[in-house]
Amino acid sequence: MADGKEVPSNVVPDELMEGCVDISTDQDGGVKKVILREGTGVDSPGTGDEVVVHYTGTLADGTKFDSSRDRDDKFKFKLGQGQVIKAWDQGVASMKRGELCRLICRSDYAYGDTGSGAKIPGGATLIFEVELFDWKGEDLTGDGGVTRSTKVAGSGYMTANEGSLVKVSVKGTYIDKVFDERKDMEFRVGDASEQNLPEGLDIAIRKFKKGETSTLTLSPEYAFGAEGCAEFNIPADSTVTYEMTLIDLEKAKESWEMDPPEKLSQSELAKSKGTAFFKESQYFKAIKKYNLVVKWLEDETDFDDEQKTQRVSLRLAAHLNLALCYIKEENWSEAKKQCEDALRFDRKSEKALFRRGQAYMGTKDWKEAKIDFQKVLVLDANNKTAKNQLTICERKLKQEKEKEKKLYANMFSKMSSSGEGSSSANAHPGTEV
């Protein structure tokens, strides 16, 4: 007896043990599994994944103590986070999608000597029938575009930053077919595309710890986009999966750790790479590089006079190029902001005024756009493009004025025809009012 309750026998009937396999991490018999129905595919959920299951739990003598099926309510939890008993964290991690199995859980992998509530005595061996329906990985981007399922946890606390040198092994899969498998490859974080690796891997690697192996699912936006990848025979708008291992990591210096020559040198390199991306119409990647220039050169402390001049030149170029990228993406508000930042470094910058004018045209603010193009022509009276844009603005303003004039004319016409302003005193004699 224990707390007034009879402890049930922990001897599991032979028929329930038939075909069981020890799946405990330590291979100590703490969790044994019998597959009742095979699952599909080759993948299993990883640490941090949210899994969806049905289960029925019984004691060794067959007494049922809980069942999600009886409630008709599937159970969700995050794997490997200690949200469930140890036996579940290890047992469910071994399952395939659609698998139905029996987990035989020793008490030290379940509720131990204390038990749980009135239904589970201390020291009880528990038997669960579990069905795994699905799972989804940890969302690394906030929009579900890159999800991670951790297979092998990394060690330590250090993670990669922009410019870190990483050594990885990758295996890319599309519809169960491996299309890319490379080992011990090196690249700098932010430059994965130079190795024909998708943007999603560049984002994900910043979350890895050394030694980690994870499966990454990339939506088209974070994989090979609307163009696909001819080299790997990936069609347009395809979701792909990568298994990636971070073998080694050499963290890059943060901005505050760099001296002025390093900041200037790294900024020149980032600007060059940004321009290369821009020429390939990869504006998102170009923006990231130009923003690095802004970040690294934000503070002019410790720069000598010559270095300050170089800093201003690089900052100006970065803001102008960012404005152009945002114009290409039709992000007019951000384009205007970048032009205004550029004008703080050079209030007579023709490019900044012209591009701000383009941004105003994008929002149909023809009056402000006209002012900017006029300023450009004051600086360069022969700028034909600015003249053309100014002509367009003047035509648009004229059209708006004519439209407004017609609107008011129609309004007064309707008011007049409706007889507004008349009174009973003006009614015809003898007419009842």
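Located above this text is the structure these notes cover.
Basis of the calculations
- Residues numbered from 1 in each chain as written.
- Predicted model: local features only at pLDDT ≥ 70, side-chain atom pairs only at ≥ 80, totals over all residues.
- Heavy atoms only, no water.
- Helix = DSSP H or I, 4+ residues; strand = E, 2+ residues; numbered from the N terminus.
- Buried < 20%, exposed > 50% of the residue type's maximum accessible area, 1.4 Å probe, protein only.
- Lys, Arg positive; Asp, Glu negative; His and termini not counted.
- Salt bridge = Lys/Arg side-chain N within 4 Å of Asp/Glu carboxyl O.
- Polar contact = N/O pair within 3.5 Å; in protein donor to acceptor, adjacent residues only side chain to side chain.
- Contact = heavy atoms within 4.5 Å.
- Axes fitted to C-alpha atoms, helices over the stretch in contact; angles between N-to-C directions.
- Parallel < 35°, antiparallel > 145°, perpendicular 65-115°, else oblique.
- Left-handed = near helix turned anticlockwise from the far one by under 90°.
- Nonpolar A, V, L, I, M, F, W, Y, C, P; charged D, E, K, R; others polar.
- Pairing = 2+ DSSP bridges.

### Digging into the side chain of Arg355
Line of reasoning, step 1. Relative to the helices and strands, Arg355 resides in helix H9 (residues 350-362).
Line of reasoning, step 2. Glu350 is the oppositely charged side chain nearest to the buried, salt-bridge-free Arg355, at an N-O distance of 11 Å.
Line of reasoning, step 3. Within polar-contact distance, the side chain of Arg355 engages the backbone oxygen of Leu320 at 2.9 Å.
Line of reasoning, step 4. Contacts of Arg355, omitting those with residues within four sequence positions, involve Leu320, Asn321, Leu324, Ile327 and Cys339.

### A word on the packing of helix H6 (residues 283-296) against helix H7 (residues 305-328)
Line of reasoning, step 1. Axis separation between H6 and H7 bottoms out at 9 Å; the angle between their running directions is 155°. As summarised for this structure, H6 and H7 are arranged roughly antiparallel, according to the angle between their axes. Both H6 and H7 take part in a crossing whose hand is left-handed. Of the residues in H7, those touching H6 at Tyr283, Ala286, Ile287, Tyr290, Asn291, Val293 and Val294 are Leu314, Arg315, Ala318, His319, Asn321, Leu322, Cys325, Tyr326 and Lys328.
Line of reasoning, step 2. Along the lines of polarity and charge, the residues of the contact of H6 with H7 split into eleven nonpolar, three polar and two charged.

### Some words on the pairing of strand S3 (residues 50-59)
Line of reasoning, step 1. In terms of residue burial, S3 counts as a mostly covered element, since nine of its ten residues are buried.
Line of reasoning, step 2. Inspection of the sheet shows S3 paired to strand S5 (residues 75-78) by four bridges, in the antiparallel sense. For Val52, the partnering residue across the bridge sits in S5 and is Lys76.
Line of reasoning, step 3. As paired elements, S3 and strand S7 (residues 126-136) share ten bridges and run antiparallel to each other. Considered in S7, the bridge of Thr56 is made with Glu129.
Line of reasoning, step 4. Sheet analysis places S3 next to strand S4 (residues 64-67), joined by three bridges and oriented antiparallel. Bridging across to S4, Thr58 finds its partner in Lys64.
Line of reasoning, step 5. A loop of four residues connects S3 with S4, the two strands running antiparallel in sequence, and Gly62 in this loop sits at a positive phi of about 95°.

### Things to note about the packing of helix H5 (residues 260-279) against H7
Line of reasoning, step 1. At a closest axis distance of 11 Å, the pairing of H5 and H7 adopts a crossing angle of 25°. When the axis of H5 is compared with that of H7, the two are roughly parallel. By crossing handedness, the relation of H5 to H7 is classed as left-handed. Every residue of H7 that contacts H5 at Pro260, Pro261, Leu264, Ser267, Glu268, Lys271, Thr275 and Phe278 is listed here: Gln307, Gln310, Arg311, Leu314, Ala317, Asn321, Leu324, Cys325 and Lys328.
Line of reasoning, step 2. Of the residues contributing to the contact of H5 with H7, the split by class is eight nonpolar, five polar and four charged.

### Quick notes on the pattern of salt bridges
Line of reasoning, step 1. A full pass over the atoms with the stated rule returns 24 salt bridges.
Line of reasoning, step 2. Its salt-bridge partner being Arg148, residue Glu212 comes within 3.1 Å of it at the nearest N-O pair. Pair noted here: Glu212 is in the loop between helix H4 (199-204) and strand S12 (213-218) and Arg148 is in strand S9 (residues 146-152), with a separation of 64 residues, a long-range link. The same class applies to Glu212 as to Arg148, namely buried.
Line of reasoning, step 3. Residue Lys273 pairs with Glu194 through a salt bridge whose shortest N-O separation is 3.9 Å. Of this pair, Lys273 sits in helix H5 while Glu194 is found in the loop between strand S11 (177-188) and H4, placing the two residues 79 residues apart along the sequence.
Line of reasoning, step 4. One connected set of salt bridges, linked through shared partners, spans Glu162, Asp191, Glu194, Arg206, Lys273 and Lys289.

Distances and angles like these do not, on their own, reveal function.
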